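Residue strings, one per chain:
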Amino acid sequence: MGISIGIKELEAPSAACRSYKTDIRRIMMTDTAGFEDAAEHDEKVPLERAMTEFPDWEAFLRRNRINPETDAVYMDKVKNADDRERLEPLAERTPTGWVDFPALDPGRAGRALESSKNEDRVTGWDLLDFDTMNGICSGCPLSWDKGRGCIGSFGPDGSLLPEIAARHGCGIIASVPEGVASGRVYTPSEAREMLRETEVLATALPSEGKMMVRRYSGPLERLSAVARISSEEGCGFYFF
């Protein structure tokens, strides 16, 4: 496995994705009581009832292109108009747990945020296709990895660079394995120190041998790029 480097892009004023990632569209809640007007629902027919309505079950599945492994018939999946008309009186509305965030007033929006985790939210960024995401990333001033975005490779988890850094008194780069293990987020002031360390190690690498120069010149360039972004934008960075 390898070690990657990332920056805390939402802390950076220039992040091109910032407006998308802070635009919350939907939130998953364990309890939607008090949020019923904004709660999303599935309309579905229990499998046994649908099978009773359509004895030729395989034909029903084929014409509507529904997966035979489905646990119920979801009305939004029924493509045949006549089938929909027959099933609609049998459909049941069940809450999905998702809430339409823009539909909430400020007070309920605050409560929804307090009761949800980041991974239970859908933002404007999540709704973009990959080509659009890549286009935004490639033009972003925070895209330190040669236009590929703000997350990139440090190297394999057995990299000798931290060990070399420790020998030359470069504590930030030496701490990378510990930073991965602890989930440490490094500060912009530590980024300025890391930038200094990359310069020290660029000078010191030849003394470690030609193989070390070839192997670690690339990682040092990437560390330098991250350090500059973190320092200039006032955002943290991390290894994972």
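**Points about the overall build of the chain**
Logical step 1: In terms of regular secondary structure, the chain is built from eleven helices and nine strands.
Logical step 2: Summarising its shape, the C-alpha atoms of the chain cover approximately 80 × 45 × 30 Å along the three principal directions.
Logical step 3: Going through the 240 residues of the chain one by one, you find that 40% of them count as buried.
Logical step 4: The contacts in the chain between residues at least 6 apart in sequence include a share of 72% that link residues at least 24 apart.
Logical step 5: Accessible area of the chain: about 13500 Å², with a carbon and sulfur share of 51%.

**As for the confidence of the model for the chain**
Parts of the model with low pLDDT should not have their predicted coordinates read in detail.
Logical step 1: Of the residues in the chain, 100% have a pLDDT of 70 or more, and the chain-wide mean is 94.
Logical step 2: Across the chain, element-level confidence peaks in strand 8 (residues 185-186) with a mean pLDDT of 98 and bottoms out in strand 7 (residues 151-156) with 92.

**Some remarks on the sheet that holds strand 4 (residues 72-74)**
Strand pairing within a sheet occurs via backbone hydrogen bonds; the two strands may be parallel or antiparallel.
Logical step 1: Across the sheet, five strands lie side by side as 4-3-5-2-6; this open sheet has antiparallel pairing. Strand pairing shows two members of the sheet lacking a second neighbour, strand 4 and strand 6 (121-123), which therefore form its edges. Neighbour-to-neighbour, the strand axes of the sheet open up by a mean angle of 35°, direction not taken into account.
Logical step 2: Alignment of strand 3 (residues 39-46) against strand 4, held across three bridges, turns out to be antiparallel.

**Some remarks on the packing of aromatic side chains**
Logical step 1: Scanning the entire structure with this criterion turns up eight aromatic pairs.
Logical step 2: Note on Trp 57 and Phe 60: the rings are 5.0 Å apart at their centroids and 20° apart in plane angle, and the pair reads as stacked. Placement of both Trp 57 and Phe 60 in helix 3 (residues 57-64) is noted, with a separation of three residues, approximately one turn of the helix.
Logical step 3: Ring geometry for Tyr 186 and Phe 237: centres 5.0 Å apart, planes at 15°, overall stacked. A residue pair is termed long-range when its members are at least 10 positions apart, and Tyr 186 in strand 8 and Phe 237 in strand 9 (residues 237-239) qualify at 51 residues. With respect to burial, Tyr 186 and Phe 237 carry one shared label: buried.
Logical step 4: Aromatic rings pair up to connect Phe 154, Tyr 186, Phe 237 and Phe 239 into one cluster.
Logical step 5: The residue whose ring lies beneath Lys 8 is Tyr 238, and the NZ or CZ to ring-centre distance is 5.6 Å.
Logical step 6: Of note, Arg 26 hangs over the ring of Trp 98, and the distance from its end group to the ring centre comes to 4.4 Å.

**Focus: the state of the cysteines**
Logical step 1: One pass over the full model with this rule turns up zero disulfides.
Logical step 2: Cys 235 carries a free sulfur, and the closest cysteine sulfur to it, the one in Cys 150, is 8.6 Å from it.

**Digging into helix 3**
Logical step 1: Inspection of helix 3 places Trp 57, Ala 59, Phe 60, Leu 61 and Asn 64 among the buried residues, and these make up the whole buried set.
Logical step 2: The inward-facing, buried residues of helix 3 abut helix 2 (47-53), strand 4 and helix 4 (81-87).
Logical step 3: Just downstream of helix 3 lies Arg 65, where phi reads positive at about 55°.

**Focus on the sheet that holds strand 9**
Logical step 1: The antiparallel open sheet is built from four strands, whose spatial order is 7-1-9-8. On the outer flanks of this sheet lie strand 7 and strand 8, each paired with one strand and no other.
Logical step 2: Here strand 8 pairs with strand 9 via two bridges, running antiparallel. Counterpart to Tyr 186 in the pairing with strand 9 is Phe 237.
Logical step 3: Strand contacts of helix 10 (residues 188-208): strand 8 and strand 9, with the helix running at about 65° to strand 9, the strand carrying the most contacts.

What counts and what doesn't
Residues numbered from 1 in each chain as written. Predicted model: local features only at pLDDT ≥ 70, side-chain atom pairs only at ≥ 80, totals over all residues. Heavy atoms only, no water. Helix = DSSP H or I, 4+ residues; strand = E, 2+ residues; numbered from the N terminus. Buried < 20%, exposed > 50% of the residue type's maximum accessible area, 1.4 Å probe, protein only. Contact = heavy atoms within 4.5 Å. Areas by Shrake-Rupley, 256 points an atom, 1.4 Å probe, with all protein chains shown as cover. pLDDT = per-residue confidence, 0-100. Pairing = 2+ DSSP bridges. Axes fitted to C-alpha atoms, helices over the stretch in contact; angles between N-to-C directions. Phe/Tyr/Trp six-rings, centres within 6.5 Å; stacked < 30°, edge-to-face > 60°. Lys NZ or Arg CZ within 6 Å of the ring centre and 35° of its normal. Disulfide = S-S within 2.5 Å.

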